[in-house]
Amino acid sequence: MNLQGKRAAIVTLGCKVNQYETDAMYGMLKEAGVTMVDPKEAADIYIVNTCSVTNMAERKSRQMLHKAKKMNPDAIVVATGCYVQTGGEKLEKDEAIDLVLGNNQKGNIVDALAEYTENKPGHGSHVIKINQTKEYEDLSIDHTAEHVRAYIKVQDGCNQFCTYCIIPYARGRVRSRNIESVLKEVRALAKKGYKEVVLTGIHLSSYGVDFPEEKKETLLSLIRAVHEIEGIKRIRLG
């Protein structure tokens, strides 16, 4: 699929981890030749990065998906994010959704759109069993909406399985990002003038618990390493 000249809009619901992943998809689509537009504008592709932390969040996710299809019935409407992992049959039956992209699959946004367009299935689906993967999806960003602060995703998933919380089922088990990957991204952002980074994750204090003993890192060791990068004046946790 040649995405050159296509117009795409992304709506983000939920946490800063979702926002980071949206920024990563934004960059991949732009690199593929897509013109990124405001969600209120007409587009050929609408992507809704959904949330499922509450019933209200799920309802709002559904509303945004249906609103996108009403704005342009011929557009490709992509549902991605946590609601995709927990929605089950509700998504399969939802005629407003053309393409489903689960967590740990957002890095495939361009290829998934290409496959859907070429095969034109009734309902394209890219959803893995998130609780069975140990792989961290290594996305990256080179810009954010803010000029001096950047949110950096360093961890995904949660092992707690609290009775009231759906997050482990939507995000899977703890998976930590390789420290060199984090530092490479922070260095690149620092060179562009970003002075503050916010380290984010689903269960941030669990960073590194999944690493083998010979490669053991902790949130503290990560903070210390980021602190050494020239140009970074402030580190926050989110």
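These numbers were taken from a predicted model, which means no experiment stands behind them.

A. Seen up close, the packing of helix α7 (residues 179-191) against helix α8 (residues 219-227). Here α7 crosses α8 at 30 degrees, and the two axes come no closer than 10 Å. For the element pair α7 / α8, the angle class is roughly parallel. For the pair α7 and α8, the sense of crossing is right-handed. Seen from α7, the contacting residues are Ile 179, Val 182, Leu 183 and Val 186; seen from α8, they are Ser 221, Leu 222, Ala 225 and Val 226. A per-class count over the contact of α7 with α8 returns 7 nonpolar, 1 polar and no charged.

B. Fine view of the nonpolar core. If you look at the biggest cluster of nonpolar residues, it comprises 24 residues, and the most contacted ones within it are Ile 152, Val 154, Val 186, Tyr 207, Leu 222, Val 226 and Ile 232. Among the secondary structure elements, those contributing two or more residues to this core are α1 (16-31), β7 (149-156), α7, β9 (196-201) and α8. In terms of residues, this core owes the most to one element, α7, which gives 6 residues. Val 37, Ala 43, Ala 68 and Leu 91 belong to the second largest nonpolar core, which has 18 residues in total.

C. Quick peek at the pattern of salt bridges. Tallied over the entire structure, the rule returns 14 salt bridges. For Glu 21, the salt bridge is made with Lys 153, and the minimal N-O distance between the two is 2.5 Å. A residue pair is termed long-range when its members are at least 10 positions apart, and Glu 21 in helix α1 and Lys 153 in strand β7 qualify at 132 residues. Measuring nitrogen to oxygen at the nearest pair gives 2.9 Å for the salt bridge that ties Glu 21 to Arg 171.

D. Here's a closer look at the side chain of Glu 58. Position of Glu 58 relative to the elements: it lies in helix α2 (residues 55-71). Its relative accessible area of 11% is what places Glu 58 among the buried residues. Beyond its immediate stretch of four places on either side in the chain, Glu 58 contacts Cys 51, Ser 52, Tyr 83, Thr 86, Lys 90 and Ile 166.

E. Structural view of the packing of aromatic side chains. Per the stated rule, a full pass over the model turns up 2 aromatic pairs. Seen from their ring centres, Phe 161 and Tyr 169 are 5.3 Å apart, and the 80 degrees between their planes marks the pair as edge-to-face. Ring plane angle 85 degrees and centroid distance 5.7 Å describe the contact between Tyr 207 and Phe 211, whose orientation is recorded as edge-to-face. Phe 211 shares its class with Tyr 207; the two are buried.

F. The pairing of strand β10 (residues 234-237), seen in detail. Bridge count between β9 and β10: 4 bridges; the pairing is parallel. Its bridge partner being in β10, Val 198 is matched across the sheet by Arg 236. What joins β9 to β10 is α8, and the crossover it makes is right-handed.

G. Fine view of the state of the cysteines. All chains considered together, the criterion is met by 0 disulfides. Between Cys 51, a free cysteine, and Cys 82, which holds the nearest cysteine sulfur, the sulfur-to-sulfur gap is 6.2 Å. Residue class for Cys 51 comes out buried when judged on its relative accessible area of 11%. Of all cysteine sulfurs in the structure, the one in Cys 162 sits closest to Cys 158, which takes part in no disulfide; the separation is 6.4 Å. Given a relative accessible area of 10%, Cys 158 falls into the buried group.

Parameters and conventions
- Residues numbered from 1 in each chain as written.
- Predicted model: local features only at pLDDT ≥ 70, side-chain atom pairs only at ≥ 80, totals over all residues.
- Heavy atoms only, no water.
- Axes fitted to C-alpha atoms, helices over the stretch in contact; angles between N-to-C directions.
- Helix = DSSP H or I, 4+ residues; strand = E, 2+ residues; numbered from the N terminus.
- Parallel < 35°, antiparallel > 145°, perpendicular 65-115°, else oblique.
- Left-handed = near helix turned anticlockwise from the far one by under 90°.
- Contact = heavy atoms within 4.5 Å.
- Nonpolar A, V, L, I, M, F, W, Y, C, P; charged D, E, K, R; others polar.
- Core = buried A, V, L, I, M, F, W, Y, C linked by side-chain atoms within 4.5 Å.
- Buried < 20%, exposed > 50% of the residue type's maximum accessible area, 1.4 Å probe, protein only.
- Salt bridge = Lys/Arg side-chain N within 4 Å of Asp/Glu carboxyl O.
- Phe/Tyr/Trp six-rings, centres within 6.5 Å; stacked < 30°, edge-to-face > 60°.
- Pairing = 2+ DSSP bridges.
- Right-handed = clockwise from strand over helix to strand, strands pointing away.
- Disulfide = S-S within 2.5 Å.

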